[in-house]
Every structure is written in C-alpha cells, then in structure tokens.
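# Summary of structural features
Here is what each chain is made of, one letter per residue.
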Protein chains: 2
Amino acid sequence: MAPIKVHGSAYSTATMRVIATLNEKNLDFELVPVDMRTGEHKKEPFISLNPFGQVPAFEDGDLKLYESRAITKYIANQYSDQGTDLVFRDPKEQAIESLWTEVEAHHFDTAGSKLNWELAVKPKMFGAEGDQAVIEENKVKLAKVLDVYEKRLSESNYLGGDRFSLADLHHLPTAEYLLLTSIKELFDARPRVTAWLADITSRPAWTKVIELRNQALNPPK
Amino acid sequence: MAPIKVHGSAYSTATMRVIATLNEKNLDFELVPVDMRTGEHKKEPFISLNPFGQVPAFEDGDLKLYESRAITKYIANQYSDQGTDLVFRDPKEQAIESLWTEVEAHHFDTAGSKLNWELAVKPKMFGAEGDQAVIEENKVKLAKVLDVYEKRLSESNYLGGDRFSLADLHHLPTAEYLLLTSIKELFDARPRVTAWLADITSRPAWTKVIELRNQALNPPK
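Criteria and thresholds
Residues numbered from 1 in each chain as written. Chains lettered and ligands numbered in written order. Predicted model: local features only at pLDDT ≥ 70, side-chain atom pairs only at ≥ 80, totals over all residues. Heavy atoms only, no water. Helix = DSSP H or I, 4+ residues; strand = E, 2+ residues; numbered from the N terminus. Rg over C-alpha atoms; globule rule 2.2 N^0.38 Å. Buried < 20%, exposed > 50% of the residue type's maximum accessible area, 1.4 Å probe, protein only. Domains from an automatic or database assignment. Contact = heavy atoms within 4.5 Å. Buried area = accessible area lost by both parts, 1.4 Å probe. Salt bridge = Lys/Arg side-chain N within 4 Å of Asp/Glu carboxyl O. Polar contact = N/O pair within 3.5 Å; in protein donor to acceptor, adjacent residues only side chain to side chain. Phe/Tyr/Trp six-rings, centres within 6.5 Å; stacked < 30°, edge-to-face > 60°. UniProt positions renumbered as here; feature names shortened; annotations may be inferred. Least-squares fit on C-alpha atoms with pLDDT ≥ 70 in both. Patch = residues over 30% accessible without salt bridge, like charges linked within 9 Å, V, L, I, M, F, W, Y side chains within 5 Å. Areas by Shrake-Rupley, 256 points an atom, 1.4 Å probe, with all protein chains shown as cover. Pairing = 2+ DSSP bridges. Axes fitted to C-alpha atoms, helices over the stretch in contact; angles between N-to-C directions.

Turning our attention to the overall build of chain A. A tally of regular secondary structure across chain A gives 10 helices and 4 strands. The globule rule puts the C-alpha radius of gyration for 221 residues at 17 Å, and the 17 Å found for chain A is close to it. A principal-axis box enclosing the C-alpha atoms of chain A has dimensions of 50 × 45 × 30 Å. For chain A, the residues scored as buried account for 55% of the 221 residues in total.

Residue and element names in this part refer to chain A. One can read the domain layout of chain A as domain 1 (4–85) and domain 2 (91–206). Taking the mean C-alpha position of each, domain 1 and domain 2 sit 21 Å from one another. With 14 residues of domain 1 in contact, the opposing surface of domain 2 contributes 16 residues. Carbon and sulfur atoms make up 62% of the surface buried where domain 1 meets domain 2, a total of about 1400 Å² over both sides. A per-residue breakdown of the area domain 1 buries against domain 2 is headed by Arg17, Glu24 and Arg69, which together make up 36% of the total. Remark: the boundary between domain 1 and domain 2 carries 6 salt bridges. Glu24 serves as the salt-bridge partner of Arg203, at 2.7 Å between the closest nitrogen and oxygen. Between domain 1 and domain 2 we count 8 residue pairs in polar contact (both at pLDDT 80 or more) in total. Of all elements in the fold, only α1 (13–24) and α3 (68–78) reach the threshold of two or more residues within the side of domain 1 that touches domain 2.

All names here are of chain A. This model, assessed by the stated rule, comprises 16 aromatic pairs over all chains. Seen in terms of ring centroids, Phe108 and Tyr149 are 6.1 Å apart; in terms of plane orientation they differ by 15°. Their pairing is stacked. One end of the pair, Phe108, is in helix α4 (residues 91–126); the other, Tyr149, is in helix α5 (residues 132–155), and 41 residues separate them in sequence. Like Phe108, the residue Tyr149 is buried in the burial classification.

Time to look at the UniProt feature "domain: GST C-terminal" (unreviewed entry) in chain A. The UniProt record marks residues 90–220 of chain A with the feature "domain: GST C-terminal" (unreviewed entry), using the residue numbering of this structure. Across residues 90–220 of chain A, the secondary structure splits into 77% helix and 0% strand, with the terminal C-alpha atoms separated by 47 Å.

For these two chains of identical sequence, chain B goes onto chain A by a turn of 180° and a shift of 0.0 Å along the axis, with RMSD 0.0 Å. Here the transformation between the copies is reduced to the relation of a two-fold axis.

So, about a nonpolar patch on the surface. Residue and element names in this part refer to chain A. On the surface, Trp117, Met125 and Phe126 cluster together into a nonpolar patch covering about 350 Å² of accessible area. One can find Met125 in helix α4. The exposure class of Met125 is partly exposed, given its relative accessible area of 43%.

This part takes up the side chain of B:Arg203. Residues and elements named next belong to chain B. Mapped onto the elements, Arg203 comes out in the loop between α9 (191–201) and α10 (204–217). According to the relative accessible area criterion, Arg203 is buried, its value standing at 17%. Residue contacts for Arg203: discarding those within four places in its chain leaves Glu24, Thr84 and Phe164.

This part covers the sheet that holds strand β3 (residues 57–60) of chain A. Residues and elements named next belong to chain A. Pairing is mixed across the open sheet formed by 4 strands, whose spatial order is β2-β1-β3-β4. In this open sheet, the two edge strands, each paired with only one partner strand, are β2 (29–33) and β4 (63–66). If you compare each strand with its neighbour and ignore which way they point, the axes differ by 20° on average. Lying on the sheet, α3 is in contact with β3 and β4; it crosses β4 at an angle near 135°.

Attention now moves to the sheet that holds strand β4 (residues 63–66) of chain B. Picture the strands of a sheet paired through backbone hydrogen bonds; they go either parallel or antiparallel. Residue and element names in this part refer to chain B. Pairing is mixed in the open sheet, where 4 strands are placed in the order β2-β1-β3-β4. What marks the edges here is a single partner per strand, and that holds for β2 (29–33) and β4. The average angle at which neighbouring strand axes cross in this sheet is 20°, direction not considered.

Okay, the pairing of β3(A) next. Residue and element names in this part refer to chain A. On β3, burial covers both faces: Ala57 and Glu59 on one face and Phe58 and Asp60 on the other are all buried. Bridge count for strand β1 (residues 4–8) against β3 is 3 bridges, and the pairing is antiparallel. Each bridged residue has a counterpart across the sheet, and for His7 the counterpart in β3 is Ala57. Examined bridge by bridge, β3 and β4 share 4 bridges and lie antiparallel to one another. The residue bridging Ala57 from the neighbouring strand is Tyr66, located in β4. Hairpin connection between β3 and β4: a loop of 2 residues separates the two successive antiparallel strands, and Gly61 in this loop has a positive phi of roughly 65°.

As structure tokens, then:
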C-alpha cells in the first residue's frame, strides 16, 4: 500500500497538527515538503491538492484531504485500533470533545494565530514589527479564553474529557509557538493551564514534531 | 424526560443552524429566547450556559453544550435513527464530509458572516453604513470559495457527498441572509451553486426555521 503522504511544511502549525496525530498513532508517512517562502502552496501542483492554497494536503491511498482538523479526525477514526485513542465514541462524551474542538478553532486559534503572526512570524521571518493594536486586542481575547480553560481544567483532566484527545492535541502547534513569546505570561498566570500545557507538550509524539520542525528551521549546513 | 432546550434567538445564524438540525430530526424542543438587543447573551444566567456569551446554548437532559457545529453533530449522532440521516459513518465518507464542514466554518462563513454584518445587520438593525473596504475584501474571498464549490458540485450532488448532510446544512443560515443582499449576484453567477442553494433552502425543515425567524423579526402587534 502506498504510504500516507503529508504535503506541507514541518514548521507550519496546521502541518504540525497532522504530524502529531500520525505520531500518536505510530503511523509511517512521507512528508512532501512545500516551500511556503517561494509560494509553492499557491501554485500547481499543490493547489490541485488544496484549491485554497494552504498547507497541509494529505493522501492516504486514493483518499485526498485538506483542512488539518478534518485530517486529524480521519486519522483518529480510520486508525482507531492503534496507538493513542484520540476520540470518544459515546455520543455525549463525543459532544463534549466536539465542543472543545470548536472552542479551539473559533476562540483559541483565532486569537492565538494572530498573536503568533504579530509576535513571532513577522519579526523573525520578515524583520517587521508586530502591530500593537492587533496584539493588544488579541491578548485580551486570549486571556478570556484561558480563563474559561482554567475553569474547565478544574473539572476535567483534559479539555475534551478525562483523557487526552484531539480537543487537546489541536492546541499544540499554536500554543508551542506562543510559549516562545511574551504571551507565555498569560499561560503562566493560570496554574491549571500551565500544568495541562506541560503535560501535553511533553508527549513523545509531540517532541518528535518539534525535532522535525527544528530541523526544518535550522537545516544542517 | 425534559425536552431539549435551545437558548437563543430565532434570527441568529448559529441558533438557526441548530433549529434546522432539530427539524430535520423531527425533534421537539423549547426555544428559550435570549434578547441579544439588550445584551442578555453577555450576562447571567446565559453566560453560565456559554462563558463566551454567544447564542445558542443547548440542553438535552443533563448534557449542556454550546458552539452550534458541536450541537448539530451531537443531534445527528445521538438521534441517528430518526428523521434525516445527516452524517456519514464510513471513515472515508466521513472524512470528506468533515473536510467540507471545515471549509464552511473556515472559508465560507468567515467571509459570509462579515458580508452579512456589513450589508444586512449594520444597515437594517443599526441604521449604519457598511464598510466598503471590508465588503470588497470579503466579496473577493467569497467568490473564490464559491468557485471551489461550483467545481465540487460538478463531481458530487452535495458538498459532503452523494446526499444532504451537515456539511450542506451548516451553510443555510448565512447563505439565506446573503441571498437578500447584493451578494446574491455571486451565487447567481454559478449555476451549480444556484441549484444547490435552491435545493437546500426549499427543505421543509428549513422553511420552518424561516417561519420562526420571520415571527421573531416581525412579531404580531
């Protein structure tokens, strides 16, 4: 059988989300590099895999997918019997996991990815200063999201339920980048959020993602 | 058993998304009105149901949820054996449905809800003019999304697969409002998108949502 292919970049958050899921499932895959600095993701052949021109695109045999959160769900369901079980099957437990997956996408990541762009990508990749108004606005939003998380994590070991699931995993890439910025203070001020992040970022499946990212950011000369 | 409760507003897009799903399943529910004009959704008791202060919130017995797309998935899974089957169960079919559900949330609705705000809500509810720069930017984005849909609908009867599913249903509220604005031109210019919208907006479950919305917008004197 043809191996699973991930077309993307080892330092893109959405690609990292998919690779983390594959690692949790102990699945082999081929990372087909897409050079975002030269705009490869906006041209053929990539846009035939994803017409929206965003990494990653994904292939498993004849199945072609894009949208990182659809890919992670597919991997979790299709390979449910191997590696870490990343989803819940009882409809009510599944609903709670789904709620927190939506919160990640619509609250955490909308604020978090703007902060990551202004505080990390713009200065480090383009030598430009971040927009202070955008930073302030999204800091306030993210702080409110983290207050909700702090409360949730007083009731449950993980966001999605009593065990680690996609609802937690989806946060990893953006959270990992934000921990390298001044936003770390927002996490540090909330003990349960801090403990949760320390737990999920130390998972072996995730540390392998970071190794791959670091190689991509600092290739051997 | 206590009836299903939807705390929300019959003219809010996210509330309409949930009610459409309940109607497809022929489920009885109680709509507990939340008056957004007086900011009830930002105060207790509502924010105990959704700390993010957005309608709707949802109760089914002891299960409490928010985030409209998590609620629709719960209804579709929990009540899978009644009314319209709204999800796919084969992992590959499910993955394709999930991909288009993500496209709705991250591409269609991000552009569409900004256009709805500028072109309908601002002028009609607040007597203010829409921001032309925001309108132009999001018209370009939505046109690109609809080009992708036009191609998809040449390969498949519905976005999520060969039958109507949540991937289509999630579009209904924002699309319905946009059809009342100048954005209708963007839909009209694409024959497969036009036929798809005519099909899904004529579903009896949806026309009941519109009746309820019209009553809320124009209460009898």
